[in-house]
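# A closer look at the structure
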Amino acid sequence: MSRVGKKPIDIPKNVKLSIDHQDVLVEGPKGKLHFKMSLRVKAALKDDRLTFDRLTNQKSDGALQGTTRSVVANMIKGVTDGFSKELAIEGVGFKALVQGKQLNLLLGFTHPVIFDVPEGLVVEAPKPTQVLVKGIDKVQVGHFAAKIRKVYPAEPYKGKGVRYLGEIVRRKAGKTVTK
């Protein structure tokens, strides 16, 4: 039994939601998002409340029902409020620059690492050691932030690298000389 999938979603007044067979289209002040549901999940919209039901009582259908509900709830939150991920860069000489539709990372390599910013995302560098990724699609924001972090993950000895803001990196002691 999917507890998440059974909870109804309240649709805000400034959001337009339409269901056409298995296609869900959500439109709000920040933009539009589209999602194609599985054939094993049905959605019903009644009085600004969206509910999901599954066709069988299989465990996998329950998981699919909960996942579908979460994805649509994130779509509604995305078109109203949006999502953001903040990354911190630590290290001497490490910095980030946004130049047009490109993110330029200087992370101590022999060459700068350049990312093209995907359509639908906004990337800002308010400080040279801070990167802000914003957008309406939660998956796209998280994926792009993870790609940036993967270039130079924070290492445990000196703490240099790229990390999410608030992420705790456990530090290790260096080697000690014994006599």
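Below: a short report on this structure. All figures in this text were calculated on a predicted structure; none of them were measured in a lab. (Residues numbered from 1 in each chain as written. Predicted model: local features only at pLDDT ≥ 70, side-chain atom pairs only at ≥ 80, totals over all residues. Heavy atoms only, no water.)

### Digging into the sheet that holds strand β11 (residues 121-124)
- Taken in spatial order, the four strands line up as β11-β12-β7-β13 in an open sheet, and their pairing is antiparallel. Whereas interior strands pair on both sides, the edge strands pair on one side only; in this sheet they are β11 and β13 (161-164). Ignoring strand direction, the axes of neighbouring strands in this sheet form an average angle of 20 degrees.
- Bridge count for β11 against strand β12 (residues 130-135) is four bridges, and the pairing is antiparallel. Bridge pairing links L121 to G135 in β12. (Pairing = 2+ DSSP bridges. Helix = DSSP H or I, 4+ residues; strand = E, 2+ residues; numbered from the N terminus. Axes fitted to C-alpha atoms, helices over the stretch in contact; angles between N-to-C directions.)

### As for the pairing of strand β6 (residues 49-54)
- Only one face of β6 is covered, namely the face carrying L50, F52 and R54; the face carrying R49, T51 and D53 is uncovered.
- Here six bridges tie strand β5 (residues 41-46) to β6, and the two strands are oriented antiparallel to one another. Looking at β6, one finds that L45 is bridged to L50.
- Between the antiparallel neighbours β5 and β6 lie two residues, among them D47 with a positive phi of about 55 degrees. (Buried < 20%, exposed > 50% of the residue type's maximum accessible area, 1.4 Å probe, protein only.)

### Considerations on the sheet that holds strand β9 (residues 102-106)
- Spatially, three strands are ordered β8-β9-β10 in an open sheet, and the strand pairing comes out antiparallel. Of all strands in the sheet, those with a lone pairing partner are β8 (95-99) and β10 (113-116), marking the two edges. Mean inter-strand twist for the sheet, computed between neighbouring axes without regard to direction, equals 20 degrees.
- In this sheet, β9 lies alongside β8 in antiparallel orientation, the contact comprising five bridges. Considered in β9, the bridge of K95 is made with L106.

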